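Fold and contact review
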Amino acid sequence: MAMDMKNMNLLGIIAIIGAVILIVGVFLTWLSIGDATASGWKVYTDAKDSDMKYTFVPLVALICGIISLVLMIVPTFMNVDKFKQINVILGLIALILAIVVVICGILFYTQSWTAYGVTIKLTDIYKIGIGFWLVLIGGIITMVGGLMPIIKEKLM
């Protein structure tokens, strides 16, 4: 069964790719110090052993990535007139979820804490790994793709 490219939403495909990048990024390296590394998932699961804030960000990224992936499948592959309103709503939800991930990611990256009167930034101690950057980039790409049904509705 050949799909009609006119009915397929190119930016929706971009959002799906962004969501996949987001999901994959959670399981790659987020933090490293010397030879020790921690994936985003490890940052989340070991949160109780850490003074670090925003350790929930990998979980938020994973949940938002999965939901965005599912939500963007409908507007991408069922981009027909009768689904226009639903597609706009799904795109809006994916957009909001992606914005949440990006904001939480920025909060994680810019966090600091005070010890003995000295403020220490996360980046003073840890090297930020590729997984974190993929989550941030995936969130931004998903935002762009989530905008598509909304923009398309306004232009039509």
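What you are looking at is a predicted structure, and each value in this text was computed from that prediction instead of being measured. (Residues numbered from 1 in each chain as written. Predicted model: local features only at pLDDT ≥ 70, side-chain atom pairs only at ≥ 80, totals over all residues. Heavy atoms only, no water.)

On the surface, a cluster of nonpolar side chains totalling about 560 Å² of accessible area is made up of Val 20, Val 24, Leu 28, Tyr 109, Ile 130, Trp 133 and Ile 137. Listed by contribution, the elements that provide at least two residues to the nonpolar patch are helix H1 (10–26) and helix H6 (130–155). With 3 residues, H6 is the largest single contributor of residues to the nonpolar patch. With respect to the helices and strands, the residue Val 24 is situated in helix H1. Residue classification places Val 24 among the partly exposed residues on the basis of a relative accessible area of 42%. (Patch = residues over 30% accessible without salt bridge, like charges linked within 9 Å, V, L, I, M, F, W, Y side chains within 5 Å. Areas by Shrake-Rupley, 256 points an atom, 1.4 Å probe, with all protein chains shown as cover. Salt bridge = Lys/Arg side-chain N within 4 Å of Asp/Glu carboxyl O. Helix = DSSP H or I, 4+ residues; strand = E, 2+ residues; numbered from the N terminus. Buried < 20%, exposed > 50% of the residue type's maximum accessible area, 1.4 Å probe, protein only.)

So, about the packing of aromatic side chains. All chains considered together, the criterion is met by 9 aromatic pairs. With a centroid separation of 5.2 Å and 75 degrees between ring planes, the pair formed by Trp 30 and Phe 108 is classed as edge-to-face. Of this pair, Trp 30 sits in strand E1 (residues 29–33) while Phe 108 sits in helix H4 (residues 84–110), and the two are 78 residues apart along the sequence. By relative accessible area, which is 0% here, Trp 30 ends up buried. Note on Tyr 54 and Phe 56: the rings are 6.0 Å apart at their centroids and 65 degrees apart in plane angle, and the pair reads as edge-to-face. With a relative accessible area of 38%, Phe 56 lands in the partly exposed category. Ring pairs connect the aromatic residues Trp 30, Phe 108, Tyr 109, Phe 132 and Trp 133, which therefore count as one cluster. (Phe/Tyr/Trp six-rings, centres within 6.5 Å; stacked < 30°, edge-to-face > 60°.)

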